[in-house]
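The residues making up each chain are set out below.
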Amino acid sequence: MTSSHAMHARSLADPQGFWAEQAARIDWETPFERVLDDSHAPFARWFVGGRTNICHNAIDRHLPTRAQSRALVYVSTETGEERIYTYAQLHDEVVRMAAILQSLGVEKGDRVLIYMPMIPEALFAMLACTRIGAIHSVVFGGFASVSLAARIDDARPRVIVSADAGSRAGKVVPYKPLLDEAIRLASHQPEKVLLVDRQLSDMPRDAGRDEDYAAWRERVAGAEVPCVWLESNEPSYVLYTSGTTGKPKGVQRDTGGYAVALATSIEYIFCGKPGDTMFTASDIGWVVGHSYIVYAPLLAGMSTVMYEGTPVRPDGGILWKLVEQYGVNMLFTAPTAIRVLKKQDPALLRRHDLSSLRLLFLAGEPLDEPTARWIQDGIGKPVVDNYWQTESGWPIIAIQRGVEALPAKLGSPGVPAYGYDLRIVDEVTGEECPPGQKGVVAIDYPLPPGCMSTLWGDDDRFVRTYWTAVPNRRSYSTFDWGVRDEDGYVFILGRTDDVINVAGHRLGTREIEESLSSHNGVAEVAVVGVQDALKGQVAMGFCIARDAARTATPADRVALEGELMKTVDQQLGAVARPARVYFVNVLPKTRSGKLLRRAIQAVAEGRDPGDLTTIEDPTALEQIKAAMAE
Ligand code: PRX
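The structure presented is a predicted model; accordingly, all values stated were derived computationally and were not measured.

**Some thoughts on helix α2 (residues 15–23)**
Thought 1: Taken as a whole, α2 has its buried residues at G17, F18, W19, Q22 and A23.
Thought 2: In this structure, the buried side of α2 is in contact with α1 (4–13), β1 (34–37), β2 (45–48) and α10 (256–268).

In structure tokens form, the structure reads like this:
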């Protein structure tokens with residue numbers, strides 16, 4: 001066994017050789033001519049000229065050896081449903097879905113927007129798209145109409161796949177009215193909407209546009225839909241994520257590089273092998289769901305568990321019950337899920353037989369030491385923190401236990417993964433920081449296979465956003481602060497930009513500010529992320545009302561705060577709703593008018609706001625304190 005250090009060094013010294021070897025993990029219809037084309041930096045093209053198909057590699061390739069093996073386990077504690085699909089059955093469903101999409105006019109390169117709850121049909125739709133070379137864009141089910149409309153206008157889908165409703169913690173959330181409203185708001189109009197009827201809520205239908213999935217599924221029985229071979233760099237999907245402006249960023253992923261990167265990560269990072277069972281308790285609307293519910297486990301010939309439900313219903317033992325029931329080998333979730341469990345009876349951790357479980361993976365937000373210790377001791381399994389982003393598609397920093405089981409250091413996700421030329425750099429000079437000195441976590445060109453290839457429809461924004469933030473070097477900025485210790489372990493110290501992380505959900509504070517500002521009672525507003533014991537961070541709003549009379553009494557303030565929360569709910573969805581909105585007469589700004597968000601955040605967290613020489617009106621911070629103390 002090689003050391004992680006040696007593998008990392010080799011992957012950077014000889015990327016062509018290293019990744020050519022990894023590429024053998026998948027089938028290629030036409031072999032690639034070049035491993036890496038770096039002639040158009042900062043763009044990188046991997047496996048140039050190679051033709052492949054992700055759906056072929058995730059399903060068809062396994063049919064000769066594992067047609068009768070379990071591919072997908074679906075469990076919903078919301079509806080009580082359980083469905084199990086073998087690879088042969090999954091193939092049948094995906095081919096049917098592909099045939100339906102083709103019948104509705106979808107062709108290679110067309111976008112299909114998927115706005116779905118956690119049901120198998122969502123996974124069928126994703127794989128059906130990659131089968132026919134259509135580009136899927138999954139939008140988190142239940143996202144508010146305004147956000148959904150912005151994504152419809154950016155992706156310009158020919159078809160939208162959706163359902164009547166989702167369900168969360170026993171509460172049905174009708175999706176169809178949200179979708180209809182989004183289509184009404186959008187300037188781009190999809191030609192067709194394909195609807196799965198779960199019979200959870202009544203669904204109005206538009207006769208000319210809306211199509212019924214169940215009827216179509218019967219109609220296309222027996223259809224054959226061959227995989228469309230794509231050049232490795234043709235897009236597989238676009239996934240929107242939050243940035244510092246209100247305009248969402250469509251992270252575009254390629255085909256060959258992504259398949260190779262995921263297959264490689266399953267062995268080196270997740271220690272998986274064909275026949276294993278992986279349970280990723282996340283959502284298909286997030287990157288963790290794309291990579292580790294849908295694609296990676298199937299690419300590796302494993303079975304994947306797809307779960308609709310929360311970690312505490314019917315009780316806090318549900319995750320462990322599912323581990324026992326389905327013989328789960330790797331469980332992957334977010335630290336927030338574990339923090340939620342900490343409030344439950346610890347005996348629940350010991351009620352089920354966890355002998356199949358080898359490792360617990362946690363990602364998406366900082367893993368605090370007490371939580372890591374609590375769960376590690378509670379279940380007696382190693383916890384593997386891993387750090388990455390929507391943009392990277394797979395872990396950037398982790399203990400790569402499939403390479404070498406380096407000791408974990410609590411508070412650090414580990415060391416840079418093979419393929420990533422990760423540097424901690426000075427934000428002003430771009431020079432590398434010595435161990436112990438805080439800097440920006442950056443990745444020197446090129447990004448390895450599987451990472452974003454560009455922003456959908458906006459190469460300039462891709463270059464401007466990610467590749468110019470670090471001065472004086474050709475480096476991708478993660479927009480995270482970090483520090484490296486003498487042994488090369490990296491510690492993540494929070495974002496450098498205005499992105500916050502609420503219970504593992506990535507939100508732009510500017511998005512929330514724009515939403516609050518759209519309310520006619522608001523003159524000015526600042527939103528910051530404030531530390532929270534359960535959710536990691538929560539959003540907090542500080543607002544100047546347009547008319548002081550509207551915030552004169554405590555009752556007035558409660559009423560306006562309620563209205564503002566409702567506005568965010570409707571426009572961005574409940575995840576973005578601030579924990580509180582406070583009212584002030586002035587916001588802390590520099591003399592040039594720039595909002596001092598970091599000072600507001602420091603005061604809101606009870607810390608020293610630091611150097612305030614540039615502040616226009618020093619009483620502004622006193623007002624923040626006073627408003628919060630009320
Ligand atoms: O700030 C980092 C934080 O989450 C951001 C990326 O979020 P998202 O695009 O939703 O992708 C999540 C993929 C797992 C990062 O820029 N983050 C993610 N993982 C960790 C983390 N912060 C600390 N520790 C982690 N393990």
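**Examining the packing of aromatic side chains**
Thought 1: Inspection of the entire model under this criterion finds 34 aromatic pairs.
Thought 2: With 5.3 Å between their ring centres and 45° between their planes, Y115 and Y175 make a pair best called tilted. One end of the pair, Y115, is in strand β6 (residues 111–115); the other, Y175, is in the loop between β10 (171–174) and α8 (176–185), and 60 residues separate them in sequence. Accessibility classification places Y115 together with Y175 in one group, the buried group.
Thought 3: With a centroid separation of 5.4 Å and an interplanar angle of 80°, the aromatic rings of Y268 and Y418 are classed as edge-to-face. Here Y418 lies in the loop between β22 (415–416) and β23 (421–425) and Y268 lies in helix α10, a separation of 150 residues in the sequence.
Thought 4: An aromatic cluster is present here, built from F18, W19, W28, F32, W46, F47, Y268, W394, Y418 and Y420 joined pairwise through their rings.
Thought 5: Over the face of the ring belonging to W216 we find R219, whose NZ or CZ atom lies 4.4 Å from the ring centre.
Thought 6: The ring of W481 is capped by K438, whose NZ or CZ atom sits 4.8 Å from the centre of that ring.

**Here's the deal with the UniProt feature "domain: AMP-binding enzyme C-terminal" (unreviewed entry) in the chain**
Thought 1: Here the UniProt-annotated "domain: AMP-binding enzyme C-terminal" (unreviewed entry) positions come out as residues 511–594.
Thought 2: In residues 511–594, the share of helix is 31% and the share of strand is 30%. The end C-alpha atoms are 17 Å apart.

**As for the pattern of salt bridges**
A side chain with one charge may pair with a side chain of the opposite charge, provided their charged atoms come close.
Thought 1: Under the defined criterion, the tally for this structure stands at 47 salt bridges.
Thought 2: The shortest N-O distance in the salt bridge between R34 and D37 comes to 4.0 Å.
Thought 3: In this structure, R607 and E605 form a salt bridge, with 2.8 Å as the shortest nitrogen-oxygen distance.

**What about unusual backbone geometry?**
Thought 1: Residue P42 follows A41 across a cis peptide bond; omega there is 5°.
Thought 2: Note that P42 resides in the loop between β1 and β2.
Thought 3: In this model, R313 is joined to P314 through a cis peptide bond whose omega is 0°.
Thought 4: Secondary-structure assignment places P314 in the loop between β17 (303–308) and α12 (318–326).
Thought 5: Even without a glycine there, the phi angle at F47 is positive, about 60°.
Thought 6: Within the element layout of this structure, F47 appears in strand β2.
Thought 7: The exposure class of F47 is buried, given its relative accessible area of 0%.

About the cut-offs
- Residues numbered from 1 in each chain as written.
- Predicted model: local features only at pLDDT ≥ 70, side-chain atom pairs only at ≥ 80, totals over all residues.
- Heavy atoms only, no water.
- Buried < 20%, exposed > 50% of the residue type's maximum accessible area, 1.4 Å probe, protein only.
- Helix = DSSP H or I, 4+ residues; strand = E, 2+ residues; numbered from the N terminus.
- Contact = heavy atoms within 4.5 Å.
- Phe/Tyr/Trp six-rings, centres within 6.5 Å; stacked < 30°, edge-to-face > 60°.
- Lys NZ or Arg CZ within 6 Å of the ring centre and 35° of its normal.
- UniProt positions renumbered as here; feature names shortened; annotations may be inferred.
- Salt bridge = Lys/Arg side-chain N within 4 Å of Asp/Glu carboxyl O.

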